[in-house]
Amino acid sequence: EEKRGFEWAQALVGVMARLTAATATVALVWFMKLLTPVLALVLRLAVYTKAFWSAGLTAAYHDKEKLSETTVEGYRRGSWVKGWEAGVLNFVWFRATAGKSAWRLVKEA
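Now for a look at the structure at hand. (Residues numbered from 1 in each chain as written. Predicted model: local features only at pLDDT ≥ 70, side-chain atom pairs only at ≥ 80, totals over all residues. Heavy atoms only, no water.)

Section: the overall build of the protein
Summing up its helical and strand segments, the protein has five helices and zero strands in all. Mapped from its N terminus to its C terminus, the protein presents α and β elements in the order α-α-α-α-α. Radius of gyration (C-alpha) of the protein: 23 Å, far over the 13 Å computed for a compact globule of 109 residues. Its C-alpha atoms put the protein at 80 × 30 × 20 Å along the principal axes. When burial is assessed residue by residue, the protein has 17% of its 109 residues classed as buried. Counting contacts in the protein only where the partners sit at least 6 residues apart, residues at least 24 apart contribute 57% of the total. A total accessible area of about 8600 Å² is found for the protein, and carbon and sulfur atoms account for 67% of it. Positive and negative side-chain charges of the protein, numbering 15 and 9 respectively, have mean locations separated by a distance of 7 Å. (Helix = DSSP H or I, 4+ residues; strand = E, 2+ residues; numbered from the N terminus. Rg over C-alpha atoms; globule rule 2.2 N^0.38 Å. Buried < 20%, exposed > 50% of the residue type's maximum accessible area, 1.4 Å probe, protein only. Contact = heavy atoms within 4.5 Å. Areas by Shrake-Rupley, 256 points an atom, 1.4 Å probe, with all protein chains shown as cover. Lys, Arg positive; Asp, Glu negative; His and termini not counted. Charge placed at Lys NZ, Arg CZ, Asp CG, Glu CD.)

Set out below in structure tokens:
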């Protein structure tokens, strides 16, 4: 009798742990979905500036003397494409979730 009570308690703890993990996953998914417009705005504000690209490319270039204005402008062109920020955010989401859908994340929680 005592053993059955213990097994029942263990099963209940397991269910509660999975339910908590699933709830946390759903909350995170919804939080990220709600945060997407804000993140897109922050990306736009940063990436549209010339200073963003100059600073980033200067840090990345091996020979900073070879970094030309034309090169900086070439890198900036990608941010002129409509919807580029959605692509960046989708890429980040994919990397963070290992490509799993929100439903699959909840099922695996």
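Thoughts on the pattern of salt bridges
Evaluation of the coordinates by the stated rule reveals four salt bridges. Between K50 and E69 there is a salt bridge, with its nearest N and O atoms 2.5 Å apart. A residue pair is termed long-range when its members are at least 10 positions apart, and K50 in helix α2 (residues 50-60) and E69 in helix α3 (residues 69-76) qualify at 19 residues. Residue classification places K50 among the partly exposed positions, given a relative accessible area of 37%. Its salt-bridge partner being E73, residue R76 comes within 3.4 Å of it at the nearest N-O pair. Pair noted here: R76 and E73 are both in helix α3, with a separation of three residues, about one helical turn. (Salt bridge = Lys/Arg side-chain N within 4 Å of Asp/Glu carboxyl O.)

Comments concerning helix α4 (residues 84-97)
The terminal C-alpha atoms of α4 lie 20 Å apart, and with 14 residues this matches the ideal 20 Å at 1.5 Å per residue to within 8%. Taken together, the buried positions of α4 are occupied by W84, E85, L89 and T97. In the segment just after α4, A98 is the residue with positive phi, at about 55°. (Expected span 1.5 Å × (residues − 1).)

Digging into the packing of aromatic side chains
Scanning the model with the defined rule gives three aromatic pairs in all. For the pair F52 and W53, a centre-to-centre distance of 5.1 Å together with 85° between the ring planes defines the contact as edge-to-face. Judged by relative accessible area, which is 37%, F52 ranks as partly exposed. Judged by relative accessible area, which is 18%, W53 ranks as buried. (Phe/Tyr/Trp six-rings, centres within 6.5 Å; stacked < 30°, edge-to-face > 60°.)

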